[in-house]
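Per-entry structural report
These are the residues of each chain, in order.
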Amino acid sequence: MTSTSNRSKITPEREQEFYDAVLDQLRACGYESLTMEGVAARTRCSKSTLYRQWKTKPQFVAAALRANRCVRFAGIDTGSLAGDLREAARAAGEQSGRDTMLVQALSHAVLQDEELQEALRETLVEPERRAMAAIIRRGVERGEIVEGHPAVEFLSVQLFGVLRARPILEGVYADEEYLTRFVETCVLPALGLT
């Protein structure tokens, strides 16, 4: 006799509704205030339904992050490294508010929970780093920068740092215009590009 999991009783659309509710509540209230009760109320289901599917809050958040993976830098290839970096700035700026709120909401919690940290890295950080590495590799292959250029090591950290720091320092998100200016004035000169 074959058994089916409880998860199979929830449609993919309903599951996505749960995940969206988790991420919306995270952005609005932060990780500590996120509750199964709040998600259950918003999605009009019982807490027991959620607990049957996801045993703990960290498991639920990790599943929501994995289900909503979006790589902004994937597929960027303008034909030049400078063009790719400008396009990456534009792409990062499009979602900076939503992504930054999510990362800020999870910042402390990921230091306490390994599964949550792994999910955040797997869904928001590593895909972007791999896409950026591909952009850099193409720039090296085209001869625009030398292999092992010392500024390359700091590229992802710089972009991620600007996204996280601007709301704290200036009270506004790093939008497309700001990130493009950052790339133009700080990143391209460090790489020897114009």
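Right above here is the structure, for reference.
Everything quoted here is computed from the prediction, not taken from an experiment.

Things to note about the pattern of salt bridges
This structure, assessed with the given rule, holds 18 salt bridges. Among the ionic pairs, Glu17 bridges to Arg14, the shortest N-O distance being 3.0 Å. Placement of both Glu17 and Arg14 in helix α1 (residues 12-29) is noted, with a separation of three residues, approximately one turn of the helix. Accessibility expressed as a relative area gives 34% for Glu17, which makes it partly exposed. Notably, a salt bridge pairs Glu87 with Arg90, separated by 2.5 Å at the nearest N-O pair. You can see Glu87 and its partner Arg90 sitting in helix α5 (residues 81-94), three residues apart, about one turn around the helix. On the accessibility criterion, Glu87 (26% relative accessible area) is partly exposed. Sharing partners across several salt bridges, the network here consists of Asp77, Asp84, Arg138, Arg142 and Glu144.

Quick look at the nonpolar core
Counting residues in hydrophobic clusters, the biggest one holds 31 residues, and the most contacted among them are Val22, Leu26, Leu50, Phe60, Val61 and Leu106. For this core, the elements supplying multiple residues, two or more each, are α1, α2 (36-43), α4 (57-67), α6 (96-112) and α7 (114-141). Core analysis: the next-biggest nonpolar cluster, separate from the first, contains 27 residues, Ile76, Leu85, Ala88 and Leu191 among them.

A short note on the environment of Thr100
The topology assignment puts Thr100 in helix α6. Assessed through its relative accessible area of 4%, Thr100 is described here as buried. A distance of 3.5 Å separates a polar side-chain atom of Thr100 from the backbone oxygen of Leu163.

Reading the values: the criteria
- Residues numbered from 1 in each chain as written.
- Predicted model: local features only at pLDDT ≥ 70, side-chain atom pairs only at ≥ 80, totals over all residues.
- Heavy atoms only, no water.
- Salt bridge = Lys/Arg side-chain N within 4 Å of Asp/Glu carboxyl O.
- Helix = DSSP H or I, 4+ residues; strand = E, 2+ residues; numbered from the N terminus.
- Buried < 20%, exposed > 50% of the residue type's maximum accessible area, 1.4 Å probe, protein only.
- Core = buried A, V, L, I, M, F, W, Y, C linked by side-chain atoms within 4.5 Å.
- Polar contact = N/O pair within 3.5 Å; in protein donor to acceptor, adjacent residues only side chain to side chain.

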